[in-house]
Amino acid sequence: KVECEILEVRDVSGNREATVLFDVMMREEPAARPQQVREVWHFIRALNSRQPTWFLDGIQQLED
């Protein structure tokens, strides 16, 4: 299960930055119990870019 939410989009120094919260229930092995993982991902792209590609700029893990 994956839920995501855009927290912020802003323009900084010729780049557009987007911050996205991912709230995930996952298991790393088939027999394991699902665990909640919450992370904030930071994406970036040039404002003048014609390509729709965003690049991952960093990940923050959130504590419960």
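See above for the structure.
The numbers attached to residues start from 1 for each chain and follow its sequence in the written order. For a predicted model such as this one, the threshold for reporting local features is a pLDDT of at least 70, and the threshold for listing and counting side-chain atom pairs is 80 or more; totals across whole chains, interfaces and linings nevertheless cover every residue. The side-chain values count all of the structure's non-hydrogen atoms but skip hydrogen atoms and water molecules.

A. Molecular detail of unusual backbone geometry. Of note, serine 13 is a non-glycine position whose phi angle comes to about 50 degrees, a positive value. By secondary structure assignment, the location of serine 13 is in the loop between β1 (2-12) and β2 (15-26). Helix and strand definitions follow DSSP, with helices as H or I runs of at least four residues and strands as E runs of at least two, each counted in order from the N terminus.

B. Fine view of the sheet that holds strand β4 (residues 55-61). The pairing criterion for strands is at least two bridges between them, as found by DSSP. The strand order across the open sheet formed by four strands is β1-β2-β3-β4, and the pairing between neighbours is antiparallel. Because the sheet does not close on itself, it has two edges, and the strands there are β1 and β4. Recorded for the sheet is a direction-independent mean angle of 20 degrees between the axes of neighbouring strands. In this sheet, β2 lies alongside β1 in antiparallel orientation, the contact comprising 10 bridges. The residue bridging isoleucine 6 from the neighbouring strand is valine 20, located in β2. Orientation is described by lines fitted to C-alpha atoms, with helices fitted over the stretch in contact, and by angles between N-to-C directions that extend from 0 to 180 degrees.

C. View of the pairing of strand β3 (residues 35-46). Two strands pair when backbone bridges link them, and β2 and β3 are joined in this way by 12 bridges, in the antiparallel orientation. Of the residues in β3, the one forming a bridge with arginine 16 is arginine 45. Pairing of β3 with β4, which is carried by six bridges, proceeds in the antiparallel orientation. Each residue of the ladder has a partner; that of valine 40, found in β4, is glutamine 60.

D. Structural view of the packing of aromatic side chains. Centres within 6.5 Å are what make two rings of Phe, Tyr or Trp a pair, Trp counting through its six-membered ring; a difference in plane orientation under 30 degrees is then read as stacked, over 60 as edge-to-face, and the rest as tilted. Per the counting criterion, the structure on display carries two aromatic pairs. Each ring, one from phenylalanine 22 and one from tryptophan 41, has its centre 4.8 Å from the other, and the planes form 50 degrees; the classification is tilted. Of this pair, phenylalanine 22 sits in strand β2 while tryptophan 41 sits in strand β3, and the two are 19 residues apart along the sequence. Of the residues examined, tryptophan 41 reaches a relative accessible area of 25% and is grouped as partly exposed. Members of the aromatic cluster, connected to one another through ring pairs, are Phe22, Trp41 and Phe43. Comment: the charge-over-ring label is applied if NZ (Lys) or CZ (Arg) is within 6 Å of the ring centre and within 35 degrees of the ring normal. Geometry around tryptophan 54 places arginine 45 over its ring, the cationic atom sitting 5.6 Å from the centre. Burial classes follow relative accessibility: with a 1.4 Å probe on protein chains only, a residue under 20% of its type's maximum area counts as buried, one over 50% as exposed, and anything between as partly exposed.

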